[in-house]
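Descriptive analysis of the structure
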Amino acid sequence: MRRRPALLLAACLLVAACGDDGDEASEVRMNEIQVLGSHNSYHLRPEPAVRDGIAAFAGEQVAVEFDYEHLPLTEQLEDHGIRQFEIDVYADPDGGRFAERPAAALVGLPTDSGEPALDEPGFKVLHQVDVDFGTTCLTLVACLTEIEGWSSANPDHEPIMVMIETKQQSLAEATEGSLDLAALGIELTEVLTLDRALFDALEAEILSVFDRDAIIAPDDIRGDAATLEEAVLGGDAWPTLDDAAGKVLFSLVDLGPARDVYVGDAANLEGRLLFTSSEEGRPDAAFLRIDDPIEEADRIREAVRAGYLVRTRTDVPGVDAVTGDTTRRDAAFESGAHYLSTDYYVADETLGYTLVVELPGGGPARCNPVNATEACEEGLEATG
């Protein structure tokens, strides 16, 4: 029998929601808890020469926004209770597209990455092509393999959300011209736009690491409802913590044309592996990415009560940690968003930042302050 998360076990003891043989399901659902996530979870800060180059060409504020880094994914999971990741990927079906870093020549660094993994076909993980490429895991498969390894060793964990953003813009496009190095004679890396075949390849890479039965996919949530949104608004679509223990779910960060390509003719994400970042009223709406917990606090609370899963941010690189302002962090806690994304689950001693984001009460999960049931609240009290 699969072990249950500690939060669920406590709830079982107090409300008799689980039988001794484990056959009865708990009433505590995965959308009734709140967990921490990390933003650009793979990111390493640029080395000093690259950082200085970014500041020289694009300004100090842009450089500051790149100036953060994360621990390896396993350490985030094990030591800091992170249960939501964000991974940026670039398509590289033939391999070698990102093995060279031409802009490095401008700051006197080698242009050859020296990374054999970048020569192989498959999706590559980095923040900003050509200039911000430091990462704890070079490929999507490597990142996911790390998560899967920890998950298999800890099969009772709360479900893990993996957000994937497909990067489909050149450096000049992504920075709106502020880092257009082509004018300096640098031949920038060509970035591919994802079509249906490349999105299929993305899903295939996920399934090369995770078994399908370890993934919570849109088909699993929609059931017999007419739309995915109708299912989540019905109140009981999301699985219990017992049923979701040890599993992962994936979401697509992309909006606009990229999302349209991914959804295609599957308006309810039929057969799709990833949830979309959606909006209320769309048939595919199950997961909402609402980044501002201050300005959109009411929207987040309403969405949580309605049944959507919601991710928000507790801080913005180059902003909150610089000033030590915890207003955004505290608003995120109170909003009821299920996934609280941060760059500062530990204080950044390198830059002398004091901002730390930890769940009140400690632990990898807490009862959601907006929609938790009595079963969850009583269970949490039992652990306190």
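Data block above holds the structure.
1. Section: the nonpolar core
Of all hydrophobic cores here, the largest spans 80 residues; its most connected members are Met 30, Leu 140, Leu 144, Ile 164, Phe 250 and Val 310. The contact partners of Leu 140, leaving out residues within four places of it in the chain, are Ile 87, Val 89, Phe 123, Val 125, Ile 164, Leu 202 and Glu 205. Listed in part, the 16 residues of the second largest apolar core include Val 50, Phe 98, Leu 126 and Val 129.

2. Side note on the packing of helix H7 (residues 196-209) against helix H11 (residues 256-263)
Between H7 and H11, the shortest axis-to-axis distance is 9 Å and the interhelical angle comes to 75°. The orientation of H7 with respect to H11, classified from their angle, is roughly perpendicular. On H11, the residues touching Arg 196, Phe 199 and Glu 203 of H7 are Ala 258, Val 261 and Tyr 262. Of the residues in the contact of H7 with H11, the class split is four nonpolar, no polar and two charged.

3. Let's talk about the environment of Gly 96
Tracing the backbone shows Gly 96 in the loop between strand S2 (82-90) and strand S3 (124-125). A residue is classified by how much of its surface remains accessible, and Gly 96, at 28% relative accessible area, is partly exposed. Note: C-alpha distance between Gly 96 and Leu 118 (22 residues apart in sequence) is 5.6 Å. What Gly 96 contacts, discounting residues up to four positions off in sequence, is Leu 118, Asp 119 and Glu 120.

4. What about empty space enclosed by the protein?
According to the stated counting rule, one finds three cavities of 30 Å³ or more in the structure shown. Roughly 120 Å³ of volume is contained in the largest cavity. The wall of the largest cavity is formed by 13 residues, among which Val 50, Gly 53, Ala 103, Val 107 and Val 131 lie closest to the centre. Grouping the constituent residues of the lining of the largest cavity by class yields 11 nonpolar, one polar and one charged. By volume, the second largest cavity is sized at about 90 Å³. Forming the walls of the second largest cavity are 13 residues, and the residues nearest its centre are Phe 98, Arg 101, Leu 118, Leu 126 and Phe 133. Grouping the amino acids of the lining of the second largest cavity by side-chain chemistry returns seven nonpolar, two polar and four charged.

5. So, the side chain of Arg 259
With respect to the helices, strands and loops of the structure, Arg 259 is situated in helix H11. Within the structure, the side chain of Arg 259 is placed 2.6 Å from the backbone oxygen of Ser 277, a separation counted as a polar contact. Setting aside chain neighbours within four positions, we find Arg 259 in contact with Leu 252, Asp 254, Thr 276, Ser 277, Ser 278, Glu 279 and Arg 282.

6. Focus: the state of the cysteines
Here a disulfide denotes a covalent bond joining the sulfur atom of one cysteine to the sulfur atom of another. Applying the stated criterion to the full structure yields two disulfides. Between the sulfur atoms of Cys 367 and its disulfide mate Cys 376 the distance is 2.1 Å. On the sign convention where negative is left-handed, the bridge of Cys 367 and Cys 376, at about -105° about the S-S bond, is left-handed. There is no split in this pair, since Cys 367 and Cys 376 are both buried.

7. Details of H11
Because the α-helix completes a turn every 3.6 residues, residues three or four places apart line up on one side. For H11, the set of buried residues is Ala 258, Arg 259, Tyr 262 and Val 263. Within H11, the buried residues cover an arc of 130° as seen down the axis, which keeps them to one side. Residues of H11 that are buried make contact with H7, strand S5 (248-252) and strand S6 (274-276).

8. A short note on the packing of aromatic side chains
For any pair of aromatic rings, the description rests on two quantities: the centre-to-centre distance and the angle between the ring planes. The full count for this structure, using the stated rule, is five aromatic pairs. On the basis of an interplanar angle of 65° and a centroid distance of 5.2 Å, the ring pair of Phe 199 and Tyr 262 is categorised as edge-to-face. With Phe 199 in helix H7 and Tyr 262 in helix H11, this residue pair connects regions lying 63 residues apart in the sequence. For Phe 199, a relative accessible area of 0% puts it in the buried group. Arranged with centres 6.1 Å apart and planes meeting at 80°, the rings of Tyr 344 and Tyr 353 form a pair that is edge-to-face. No difference in accessibility class separates Tyr 344 from Tyr 353, as the two residues are buried.

What counts, and where the lines are drawn
- Residues numbered from 1 in each chain as written.
- Predicted model: local features only at pLDDT ≥ 70, side-chain atom pairs only at ≥ 80, totals over all residues.
- Heavy atoms only, no water.
- Core = buried A, V, L, I, M, F, W, Y, C linked by side-chain atoms within 4.5 Å.
- Buried < 20%, exposed > 50% of the residue type's maximum accessible area, 1.4 Å probe, protein only.
- Contact = heavy atoms within 4.5 Å.
- Axes fitted to C-alpha atoms, helices over the stretch in contact; angles between N-to-C directions.
- Helix = DSSP H or I, 4+ residues; strand = E, 2+ residues; numbered from the N terminus.
- Parallel < 35°, antiparallel > 145°, perpendicular 65-115°, else oblique.
- Nonpolar A, V, L, I, M, F, W, Y, C, P; charged D, E, K, R; others polar.
- 1 Å grid on protein atoms, 1.4 Å probe; cavity = no way out; pocket = protein on both sides within 12 Å on 5 of 7 lines; lining within 4 Å.
- Points joined across faces, edges and corners; volume = space filled by probe spheres on them.
- Polar contact = N/O pair within 3.5 Å; in protein donor to acceptor, adjacent residues only side chain to side chain.
- Disulfide = S-S within 2.5 Å.
- Arc of directions from axis to C-beta.
- Phe/Tyr/Trp six-rings, centres within 6.5 Å; stacked < 30°, edge-to-face > 60°.

All quantities given are derived from atomic positions and should not be read as evidence of function.
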